[in-house]
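Next come the chains, spelled out residue by residue.
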Amino acid sequence: MAGTVTRILAVPPRTVRAAAQAFLDTIGSPNTRRAYTIAIVKTADRLDGRGPDGLLADSRPLAAVTDTEIGAALEALWGEAAVNTWNARRAAVGKWLTWCREQGWDAPAVPASAGRSTPPDSDTPVRGPAPRSTG
């Protein structure tokens, strides 16, 4: 009795860069895509690191990245940035990683240690009073 051989195709692991590109491809608004691209591509580049030649290393499997590494990348890239910049970049990376998990991919999360920052209190209004009409 002859057996049947079934070929099982192994799917290569989803890489950090491939996951980033797949998420960015879902964003229709050019302005949103531009803002998210800054945060996500810089984070992906930071996670992948550089080889001995100074060029970006091969992209790592997304499942190999830890929450701690995400927090460290955010801190290294935007830890000294203005509060609004930190919050925007953090939110973009968080949405990317959440989207990845919704696709069924193993993906890290933004750790609690990289929480949102609260803008400092300020007495300066965002907008001044409307000019008075002199007529």
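Note that the structure is a prediction, hence the values are computed from the model and not measured. (Residues numbered from 1 in each chain as written. Predicted model: local features only at pLDDT ≥ 70, side-chain atom pairs only at ≥ 80, totals over all residues. Heavy atoms only, no water.)

Novice: Describe the nonpolar core, naming the residues involved and giving the relevant values.
Specialist: Residues Phe23, Leu62, Ile70, Leu74, Val93, Trp96 and Cys100 are the most contacted members of the largest nonpolar core, which totals 28 residues. Put simply, the parts of the chain that give this core at least two residues each are helix H1 (16-24), helix H2 (30-48), helix H3 (67-78) and helix H4 (83-102). The element that contributes the greatest number of residues to this core is H4, accounting for seven residues. (Core = buried A, V, L, I, M, F, W, Y, C linked by side-chain atoms within 4.5 Å. Buried < 20%, exposed > 50% of the residue type's maximum accessible area, 1.4 Å probe, protein only. Helix = DSSP H or I, 4+ residues; strand = E, 2+ residues; numbered from the N terminus.)

Novice: Tell me about the packing of aromatic side chains, and name the residues and values.
Specialist: The tally for this structure, following the rule as stated, stands at three aromatic pairs. Among the aromatic residues, those joined into a cluster by ring pairs are Phe23, Tyr36, Trp99 and Trp105. Above the plane of the ring of Trp105 lies Arg14, whose end atom (NZ or CZ) is 3.9 Å from the centre. (Phe/Tyr/Trp six-rings, centres within 6.5 Å; stacked < 30°, edge-to-face > 60°. Lys NZ or Arg CZ within 6 Å of the ring centre and 35° of its normal.)

Novice: Any details on H4? Residues and values, ideally.
Specialist: Over its 20 residues, H4 extends 28 Å from the first C-alpha to the last, a length consistent with the 28 Å expected when each residue adds 1.5 Å. Listed as buried for H4 are Trp86, Asn87, Arg89, Arg90, Ala92, Val93, Gly94, Trp96, Leu97, Trp99 and Cys100. One or two positions beyond H4, positive phi appears at Gly104, with a value near 90°. (Expected span 1.5 Å × (residues − 1).)

Novice: Tell me about the packing of H1 against H4, residues and numbers included.
Specialist: With their axes 10 Å apart at the nearest point, H1 and H4 run at an angle of 95° to one another. Classified by the angle their axes make, H1 and H4 are roughly perpendicular. On the side of H1, the interface is formed by Val16, Ala19, Ala20, Ala22 and Phe23, while H4 contributes Lys95, Trp96, Trp99 and Cys100. For the contact of H1 with H4, a count of residues per class yields eight nonpolar, no polar and one charged. (Axes fitted to C-alpha atoms, helices over the stretch in contact; angles between N-to-C directions. Parallel < 35°, antiparallel > 145°, perpendicular 65-115°, else oblique. Contact = heavy atoms within 4.5 Å. Nonpolar A, V, L, I, M, F, W, Y, C, P; charged D, E, K, R; others polar.)

Novice: Give a detailed account of the confidence of the model for the protein, specifying residues and quantitative values.
Specialist: Mean pLDDT for the protein: 85, with 82% of residues reaching 70 or above. Low pLDDT, under 50, characterises residues 122-133; the predicted model gives this stretch zero contacts beyond four residues in sequence or across chains. (pLDDT = per-residue confidence, 0-100.)

Novice: Give a detailed account of H1, specifying residues and quantitative values.
Specialist: Turning to H1, its buried residues are Val16, Ala19, Ala20, Phe23 and Leu24. Projected down its long axis, H1 shows its buried positions confined to an angular sector of 130°, all on one face. In the core, the buried residues of H1 are packed alongside H2 and H4. (Arc of directions from axis to C-beta.)

Novice: I'd like a rundown of the side chain of Asp48, residues and numbers included.
Specialist: By secondary structure assignment, the location of Asp48 is in helix H2. Since its relative accessible area comes to 6%, Asp48 is described here as buried. Those residues within four positions of Asp48 in sequence are excluded, and the remaining contacts are Val16, Arg17, Ala57, Asp58, Ser59 and Arg60.

Novice: Summarise the environment of Asp58; cite the residues concerned and give the values.
Specialist: The residue Asp58 is located in the loop between H2 and H3 in this model. Taking the C-alpha atoms as reference points, Asp58 and Arg17, separated by 41 residues in sequence, lie 9.3 Å from one another. Filtering out sequence-adjacent residues up to four positions away, Asp58 remains in contact with Arg17 and Asp48.

Novice: Can you lay out the pattern of salt bridges for me, pointing to particular residues and giving the numbers?
Specialist: In the structure shown here, the tally under the stated rule is four salt bridges. Between Asp25 and Arg33 there is a salt bridge whose closest N-O contact spans 3.6 Å. By relative accessible area, which is 28% here, Arg33 ends up partly exposed. Ionic pairing is found between Glu69 and Arg60, a salt bridge with its closest N-O pair at 2.9 Å. (Salt bridge = Lys/Arg side-chain N within 4 Å of Asp/Glu carboxyl O.)

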